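Here is what each chain is made of, one letter per residue.
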Amino acid sequence: MVARQRAQPIQTEDLAGSNAGHAGEHNRALVLRAIHRDAPISRVEIARKTGLTKQTIARIVDKLLDEGLIMEARRRHGLRGQPAIELEINPEGCYSIGVHIDRDHLTILAVDAIGTVRGRVHHEKRAILPAEFVELTGEAISYFRRSKLIDEARLSGIGLAIPDWLGEIPFLGMPETYSQWANFDVRAALTNFTARPIFIDNESNAAAVAELDYGLGAESRDFFYISINALLGGGLVLDGVRHRGAMGLSGEIGWMPVITDDGRTPRRITLLGEVFALLWLYEYLRQHDVHVTKPQDLLALDARGRALVSAWLKQMSIHIADAVVHIGLIVDPDAVLVGGRLPVRMIDELLRYINEHLAKADPNLPSIHRASIAEDAGALGAAAMSTASALMLGSVDPAQRTRMPLQNLQRPTGF
C-alpha cells in the first residue's frame, strides 16, 4: 500500500516517554508498544523512539523479560561494538480467546500474543440462538483447554465481536425466536467461562482492530474498514487508534443512503446496508434460481452463477465508489479497506469495478484495498481486544471492558 501525500502529523504521546518515577505504567506501555510495532528491536532503538534513558529502558525490559511478556530473540551482528540483542513479544506471553457471533456463523479462536491462531472452532449455521451460542462457545473453550492450546495461567481474557441490535434488525430468513438476543446478557454468559476480563465490541470495529494490530495497520495508521458479512458494517481507525465516536457507532456505513436503479423498477432512496451484504447477494441469486447459503457455495458456482455474481458486484461497486468519495471528503484517511466473509477473489473483482469508477474522480481520494485478514477478522479482532489490554497497546479501549451490544433499537430511524 502506498500512502498518499499528507500533512506532517503532529507529534502525539504515543511513543513519548517520561523519566519521572510516577510515569512507570506509561513508560512500560511505551516500551511494549515499541517492541510490538517494530520488533525485532534493540534497547538502544527503543530508547531513541521513546526518549527514555537507557537506565529506564533496562529496568523496564528486565521486568518484562522476567514476566515472560517479551523475549530476547537474537543478537544483531555486523555493527561496531558488542552485537545488539533484539527484543520481540513472546508469543507465549499471553493468550486470548476471540469469539465472533453473527447471523450466519459462530467462530471461536485461541490466539497467542503475536496474533497467531493456535486453535479454531467454526460453526456455519444461520440464526444461532443465545442458549446454543453459550453451549457451542463453552465446548470450544473446553477443547482449547483440554488440548493445551492456551496456557490458562496466561489467559488475558475473552473478546466478543457481535453485531449491535442482534435480534432486532431484521434480515432475510430471520426466525421469530431470534428476538431472544435483544435482551440477552451476553457478558454475564461469558463470565461463567473465566474469571479473566470480558471484552465486547461491534464486529466491524473488532475487524478493524485486527487489521490495525496484525494487518495493514503496519502500513497505514488512518483507514476506514468496510466489513462485508451477513449484513454490512464499518470501522474507522485514526492516528493508529480505533475511533469510537460519541456512542461507539463511528463507521456505521450501512446507514448511508443510496439511490438504487435496476432498470426495471422506479429509482428509490434506500440504505446501503439494505442492498449490499452477503445475505442480499444470496437473495439476488435466489431470484435467478441459483441457491446459495454460505460463502463457500459462491466458490462452487457454474459459469451462469459466476456471471450473476459479477453483475451484482458491478451494481454494488457504484454505491461503494460513492461511499469512498464521501469517506475521503469527510474523514480523509490514507486508505479504505474491504474485508469480511465475501470470498477473496470476489472482493478483488469488486475492487476492480470500484477503481474503474474512482479513476474518473478526484485523484486525492483514499486508495481502496482488500484487507489482509480474511473471514476470521472479527474473531481475531475480538482476541486482539484482550491482547491489547495485556500488552498495553495503543489499540486498547477501556470501554470494551463494560460495553454491551446496543439494544432496543438505539439507532438512526431515517436519513
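Residues numbered from 1 in each chain as written. Predicted model: local features only at pLDDT ≥ 70, side-chain atom pairs only at ≥ 80, totals over all residues. Heavy atoms only, no water.

### Digging into the sheet that holds strand β6 (residues 117-123)
Then comes step 1: Pairing is mixed across the open sheet formed by five strands, whose spatial order is β6-β5-β4-β7-β8. Whereas interior strands pair on both sides, the edge strands pair on one side only; in this sheet they are β6 and β8 (198-201). Taken over all neighbouring pairs, the strand axes of this sheet differ in orientation by 15° on average, direction set aside.
Then comes step 2: When strand β7 (residues 155-161) meets β8, the two strands line up parallel, connected through four bridges. (Pairing = 2+ DSSP bridges. Helix = DSSP H or I, 4+ residues; strand = E, 2+ residues; numbered from the N terminus. Axes fitted to C-alpha atoms, helices over the stretch in contact; angles between N-to-C directions.)

### So, the pattern of salt bridges
Then comes step 1: What the rule picks out here adds up to 21 salt bridges.
Then comes step 2: Its salt-bridge partner being Lys-63, residue Glu-67 comes within 3.5 Å of it at the nearest N-O pair. Taken together, the residues span about one helical turn, with Glu-67 and Lys-63 both in helix α3 (residues 54-67) at a distance of four residues.
Then comes step 3: On the accessibility criterion, Glu-67 (28% relative accessible area) is partly exposed.
Then comes step 4: Where Glu-375 meets Arg-341, a salt bridge forms, and the shortest distance between an N and an O atom there is 3.9 Å. Of the two residues, Glu-375 is situated in the loop between β15 (367-370) and α11 (377-391) and Arg-341 in the loop between β14 (335-340) and α10 (344-358); the sequence distance between them amounts to 34 residues.
Then comes step 5: Judged by relative accessible area, which is 32%, Glu-375 ranks as partly exposed.
Then comes step 6: A single salt-bridge network, built from bridges that share partners, covers Asp-104, Arg-120, Glu-124, Arg-341, Glu-375 and Asp-376. (Salt bridge = Lys/Arg side-chain N within 4 Å of Asp/Glu carboxyl O. Buried < 20%, exposed > 50% of the residue type's maximum accessible area, 1.4 Å probe, protein only.)

### Looking at the sheet that holds β15
Sheets are built from strands that pair by backbone hydrogen bonding, the pairs being arranged parallel or antiparallel.
Then comes step 1: In spatial order, the strands read β11-β10-β9-β14-β15; together these five strands make up an open sheet with mixed pairing. The open sheet is flanked by β11 (241-242) and β15, the only strands paired with a single partner.
Then comes step 2: Note: strand β9 (residues 223-228) against strand β10 (residues 232-238), six bridges, orientation antiparallel. Across the sheet, the residue bridging to Tyr-225 is Gly-235, located in β10.

### Considering helix α4 (residues 130-146)
Then comes step 1: The first and last C-alpha atoms of α4 sit 24 Å apart over 17 residues, in line with the 24 Å expected at 1.5 Å per residue.
Then comes step 2: Of the residues making up α4, those classed as buried are Pro-130, Phe-133, Leu-136, Thr-137, Gly-138, Ala-140, Ile-141 and Phe-144.
Then comes step 3: Positive phi shows up at Lys-148, right after α4, with a value of about 55°. (Expected span 1.5 Å × (residues − 1).)

### Observations concerning unusual backbone geometry
Then comes step 1: Between Ala-39 and the following residue, Pro-40, the backbone shows a cis peptide bond with an omega angle of -5°.
Then comes step 2: Its place among the elements puts Pro-40 in the loop between α1 (24-38) and β1 (41-42).
Then comes step 3: Positive phi values are uncommon outside glycine, yet Asp-239 reaches one of about 55°.
Then comes step 4: Within the secondary structure, Asp-239 sits in the loop between β10 and β11.
Then comes step 5: Take Asp-239: its relative accessible area is 57%, and that puts it in the exposed class.
Then comes step 6: Phi at Asp-332 is positive, roughly 60°, even though this residue is not glycine.

So yeah, pure geometry; function would need other evidence.
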